[in-house]
Each structure stands twice: as C-alpha cells, then as structure tokens.
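Here is what each chain is made of, one letter per residue.
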Amino acid sequence: MKIMFLVRSLDMGGAERQLISLAIGLHEIGHHVSVAIFYSGGKLEPELEGSGVTIHRLEKTGRWDLFGFGKKLVKLLKSQQIDIFHSYLPGANIVAAFSKPLLGKTPVVWAVAASNMDMSCYDRLARFTYWLEARLARFADLIISNSKSSLICAVQRGFPEKNMIVLPNPHDIEQFKNDDDGRQRVRHEWGAIDKDILIGTVARLDTMKDHPNFIQAASILSKEREDVRFACVGDGPDDYKSELHELMAQLGLNDRFVWPGPRQDMPDVYSALDINTCSSAFGEGLPNAIGEAMSCGTPCVVTDVGDCARIVGDIGEVVPPGSPGALADGWRKMIERLSSEGDAVGQRSRERIVNKFSKQKAVELTDIEFKKLLPGVSVEK
C-alpha cells in the first residue's frame, strides 16, 4: 500500500509521536509511507529522517495561509497515487475531508485522540475547528480512536459510530526501556541525588493537562517529606508558563522543581523519574506519556480521565481529577509500594505495555483495517 499521513506539524506531542511510530512501523512491514506536514521544523522531524518514510513539507506560512497552502496540497495529492490518506487531529482531519473530491476512491482515514474536551478554555478558532470537525466526520471512510473514551465522546459530538474503531497507541518497546546510565545522567543534570524521590509529569503546558493540580499536590507532599523533587517536562505559551512559575513561587517550591522544557532524550527522562504523573483535568484519550513511562519501567499515578485508568490497570494509582489532595495521596501510596515491592512495580509496568500496547500490535491491527478499505486486497488474520 501507498499510505500518506497528514498532520499540522511534528512538534512535541503524544499524537505526533504516535503518528511517527505508526508511520515507521508500517514502512517496516513493506508499505510505502509518507507524511505531509503543514508547518516544518518540528522537533520530532529528525525521528523520521533516515527511517525510509518520506516527508512532504507544505510550508504553510500562517493560520490564514489557505490559498497558497491549498495549492501545494492539491499539487501534492495529484502527484501521488496514494491508497490511504490518513489525517491526525482536528485541523488535518478537516483538510482531509475537504480533499476528498481530489482523491477519487482513495479512502480517507481520521485519527482522533481527545475525549471530554472543555472547549471554553480555548479561543474561537479552536472552538469552531472542534465544531466543524464533527460536521465533516461523515466524509471519513474510517475514524480511528486511540481509546474507548474518545470514541464515546466523538459519537456524542455527532461522529458516525458505524465508521469508528478503537486501536491502541503504538509504543516502541525497544526505544522506550529503562536505561540506568541515562537515569543517572538526567538526575545529575537536574540536581537529584540517589535518595531523592523524583516525581515528574511529561506534558505540553495546556489547560487540559492541569499543571496547577500537579504543583498544588507537590506543595502538599513537600510539607511532609524532604526527599521529594519534581520535574515538569514540556513547553507551552509563555504567559501560561509564567502563571505556573508564579504559583510555584507562591507555594515556596522553587527549590523542589525543575522545568527542563521539551526533551529529545525521553527514554532517559522516564528512566530518571521514580514516578510519572498524568494530572489532566479533561480531554485525554490514551496518553502516550503514560505508556512510554511504563515501558521504561516507571510506574504511574494518573487522574481518572479518558482511558488513563485502562492503561495503568492495577499496577498504577488512579485518582479523581482536579484534586491536589487526592493526587498527593496517590503519590504516597506509590512511594509506599516502591518501598515495599522495589523493582517489581516497574517490571510489571513494562510487562503490561509489552503485552497489551506494543507498537507491533498497533501496526498489525492498523494494517488489517487499512486493507479492509481496499477492494481486492486480502486480509490475513
């Protein structure tokens, strides 16, 4: 098959990592795979270069560059004899739907990841995009959700359930595994000594990720323990970043926190953490950061949003969203378990990802679903 992915950019993000892993995996089993991106220069682009996956940079110049961008996309689609056109996230999904007349019989496949989004937290264009995506969903031949919760939410928004399936995020268990040398390097860089308990969150700075919940929970635990340190890995708007730093300062946590920004060495980062956290308030489907951390043997404490509880199972700790007290209690329980069970918690975390959420399983299932869309193509089960 000749498969083309479409995405806004390859900046840091769970969906973007998911796309890259899936694109490379499909290439590795013999398909011709390319990725078309609106905006070039994303920090994840180097992961595709040299992989055998072709990158088409459409060089959109800004939000309102519609005509020039449209011409480039039309030219690209006319020059490629693709079998599957697979878009990721609302903006790209909308563009893919409008491209359908150019594609003839080529199936359009959407990927959706978010669940119960609170759109009041976003601007008018984001709200309009969210609304328009639901109106155009009927034009997609297949809609792939990465979680049961995001599928249910999409159906409630008006997506056609008959065209929707759930496929798990692909986690590269060979890339994401524990690295003791990397652990020591990152912890030294962040000033964490061996006895410190390093609790982190890996997430873009976005309202849905609820960093204030993480910071307030850190304040609670810090009053009880001298050995806890915290790391917020990710980036976002400067004004929101300033608000978070101000909250941290008000709570007297400056000496307990590191803010390393986005990182390329994520297996080392996850290895450096003793506990990984998802503190989200809403909107999650099946967050990549949880599966990646678990694949590295790092146990997780998560809020009960989307399918977070599903991915950690009985190995992680699940707490209600929006409650710093509950999150701090989840950390306490995990610290106790690490003290009593030792490495067994991390080993079980990795085993769960290997057995249920591996890249190989996701690629195989995606390959089967794509072949079902093509007449005359046999599907091996």
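Residue numbers here run from 1 along each chain, matching the order of that chain's written sequence. Only residues with pLDDT of at least 70 get local features here, since the model is predicted, and only at 80 or more are side-chain atom pairs given and counted; chain-wide, interface and lining totals rely on the full set of residues. Side-chain metrics rest on all non-hydrogen atoms present in the structure, leaving aside hydrogens and water.

J.: Help me understand the pairing of strand β9 (residues 228-233) in this model?
T.: For a regular strand, side chains alternate in direction, first toward one face of the sheet and then toward the other. β9 sits mainly inside the fold: 5 of its 6 residues count as buried. Pairing of strand β8 (residues 197-202) with β9 involves 6 bridges; the strand directions are parallel. Of the residues in β9, the one forming a bridge with I199 is F230. For the crossover that starts at β8, traverses helix α7 (residues 211-222) and ends in the parallel β9, the hand is right-handed. Bridge analysis of β9 against strand β10 (residues 257-258) gives 2 bridges, and the strand direction is parallel. When the bridges of β10 are listed, A231 appears paired with V258. Each residue's exposure class comes from its accessible area (1.4 Å probe, protein chains only) as a fraction of the maximum for that residue type: buried when under 20%, exposed when over 50%, partly exposed otherwise. Counting from the N terminus, the helices are the DSSP runs of H or I reaching at least four residues and the strands are the DSSP runs of E reaching at least two. Strands are treated as partners if at least two bridges between them are detected by DSSP. Here a crossover is taken to be right-handed if, once the strands point away from the viewer, the path from the first strand over the helix to the second is traced clockwise.

J.: Help me out: how do you make sense of the nonpolar core in this one?
T.: A general trend in soluble globular proteins is that nonpolar side chains are found buried together. L6, F85, W110, I143 and F159 are the most contacted members of the largest nonpolar core, which has 31 residues in total. Of all elements in the fold, only β1 (2-7), α2 (67-79), α3 (89-103), β5 (108-112), α4 (124-136) and α5 (148-157) reach the threshold of two or more residues within this core. Counting residues per element, this core draws most heavily on α3, which supplies 6 residues. Buried Ala, Val, Leu, Ile, Met, Phe, Trp, Tyr and Cys residues that are joined via side-chain atoms within 4.5 Å together make up what is termed a nonpolar core.

J.: Would you mind showing me how to read α5 here?
T.: For α5, the complete set of buried residues consists of S149, S150, L151, C153, A154 and R157. Following α5 by one or two positions, G158 adopts a phi angle in the positive range, close to 115°.

J.: Please explain the pairing of strand β6 (residues 142-145) as it appears in this structure.
T.: Alternating positions in β6 separate into two faces, L142 and I144 on one and I143 and S145 on the other, with burial throughout. Direction of pairing for β6 relative to strand β7 (residues 164-166): parallel, over a ladder of 3 bridges. Residue I144 lies in a different strand from β7, and its bridge partner there is I165. Assessed by its sense of winding, the connection that carries the chain from β6 through α5 to β7 is right-handed.

On their own, these measurements won't tell you what the molecule is for.
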